[in-house]
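Observations on the model geometry
The residues making up each chain are set out below.
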Amino acid sequence: MKFNYCVWLIPRLKHSWSRYTNGFQPHLTIKSKLSKSDAALLYTKLRLDKPLKVKLVGDLIYEVKDGFHSLYYLTEPVYKNKKPEWYPENAHISFRYKYNETFSKSEIKEVKNLIKEKEAELTDFKLVYCNEHFLKWHYLE
């Protein structure tokens, strides 16, 4: 799956969610499938006065798009009245990815059982290039 250039908002690197992914930084995608210049422009405009506290809501979702399999939770800001205007619709935090291979029921159950902490402070915007395998996605900023 090619997402081109993306702008992410991530939790602190030592947050527990980082232990539950399969090789990528947990993130909330602000916008994806951007050109490099559009992504850089968006990245320079985004600001946080303080960390954005979000919570995972609902049940773990299993989604497949063009052979790209993902397991994620929808998110919402803890303080809904302070939701930034750039907060994306259907915002979510992904925990596992696979290409052209389904997640088994036991893998789904494992992820559900691992994630005990349902809230995180998202602290840093990142400009990310996401056109290779997810293990090769990398930060530009």
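Scope of this entry: the structure provided in the associated data block. Treat the numbers as computed from the prediction; the structure is a model and nothing was measured. (Residues numbered from 1 in each chain as written. Predicted model: local features only at pLDDT ≥ 70, side-chain atom pairs only at ≥ 80, totals over all residues. Heavy atoms only, no water.)

Let's shift gears to the overall build of the protein chain. Counting its regular elements, the protein chain contains 2 helices and 7 strands. Secondary structure of the protein chain in N-to-C order comes out as β-β-α-β-β-β-α-β-β. Taking 14 Å as the expected radius of gyration for a compact globule of 141 residues, we find that the protein chain reaches 15 Å, a close match to that expectation. C-alpha atoms of the protein chain, sized along the principal axes, occupy 40 × 35 × 25 Å. Each of the 141 residues in the protein chain was classed as buried or not, and the buried ones make up 43%. Pairs at least 24 apart in sequence give 68% of the contacts found in the protein chain among residues at least 6 apart. (Helix = DSSP H or I, 4+ residues; strand = E, 2+ residues; numbered from the N terminus. Rg over C-alpha atoms; globule rule 2.2 N^0.38 Å. Buried < 20%, exposed > 50% of the residue type's maximum accessible area, 1.4 Å probe, protein only. Contact = heavy atoms within 4.5 Å.)

Evaluated as defined, the whole model comprises 18 aromatic pairs. When the ring of Tyr97 is compared with that of Phe134, the centres are 5.4 Å apart and the planes differ by 65°; the resulting orientation is edge-to-face. Here Tyr97, found in strand E5 (residues 92-99), pairs with Phe134, found in the loop between strand E6 (119-129) and strand E7 (138-139); they are 37 residues apart in sequence, far enough to count as distant. Overall, Phe134 belongs to the buried group, its relative accessible area being 5%. Sitting over the ring of Tyr139, Lys126 keeps its end group 5.0 Å from the ring centre. (Phe/Tyr/Trp six-rings, centres within 6.5 Å; stacked < 30°, edge-to-face > 60°. Lys NZ or Arg CZ within 6 Å of the ring centre and 35° of its normal.)

Our next topic: the pattern of salt bridges. Taken as a whole and judged by the stated rule, the model has 8 salt bridges. Of the charged contacts, one joins Glu101 and Lys98 as a salt bridge, the two residues approaching to 3.3 Å between their closest N and O atoms. Residue Lys98 is classed as buried on the basis of its relative accessible area of 14%. (Salt bridge = Lys/Arg side-chain N within 4 Å of Asp/Glu carboxyl O.)

It is worth spelling out the environment of Leu122 at this point. By the secondary structure assignment, Leu122 is in strand E6. On the accessibility criterion, Leu122 (0% relative accessible area) is buried. As a C-alpha pair, Leu122 and Lys136 span 14 residues in sequence and 22 Å in three-dimensional space. Beyond its immediate chain neighbours, meaning those up to four positions away, Leu122 contacts Leu9, Ile10, Pro11, Leu28, Leu48, Pro51, Leu52 and Val54.

Okay, the nonpolar core next. With 30 residues, the main nonpolar core has Val7, Trp17, Ile30, Trp86, Phe95, Ile115 and Phe125 as its most contacted residues. Secondary structure elements with two or more residues in this core: strand E1 (5-11), strand E2 (28-34), helix H1 (36-45), strand E3 (52-65), strand E4 (68-77), E5, helix H2 (105-114) and E6. The residues touching Ile115, leaving out its near neighbours within four places in the chain, are Trp17, Tyr20, Leu56, Tyr73 and Phe95. Grouped together as the second largest cluster of nonpolar side chains are 11 residues, Phe3, Ile10, Tyr97 and Val128 included. (Core = buried A, V, L, I, M, F, W, Y, C linked by side-chain atoms within 4.5 Å.)

Now for the pairing of E6. Note: E1 against E6, 7 bridges, orientation antiparallel. Its bridge partner lying in E6, Leu9 is registered against Phe125. Here E3 runs beside E6; their pairing, made up of 4 bridges, is antiparallel. Across the sheet, residue Leu52 finds its bridge partner in E6, namely Leu122. (Pairing = 2+ DSSP bridges.)

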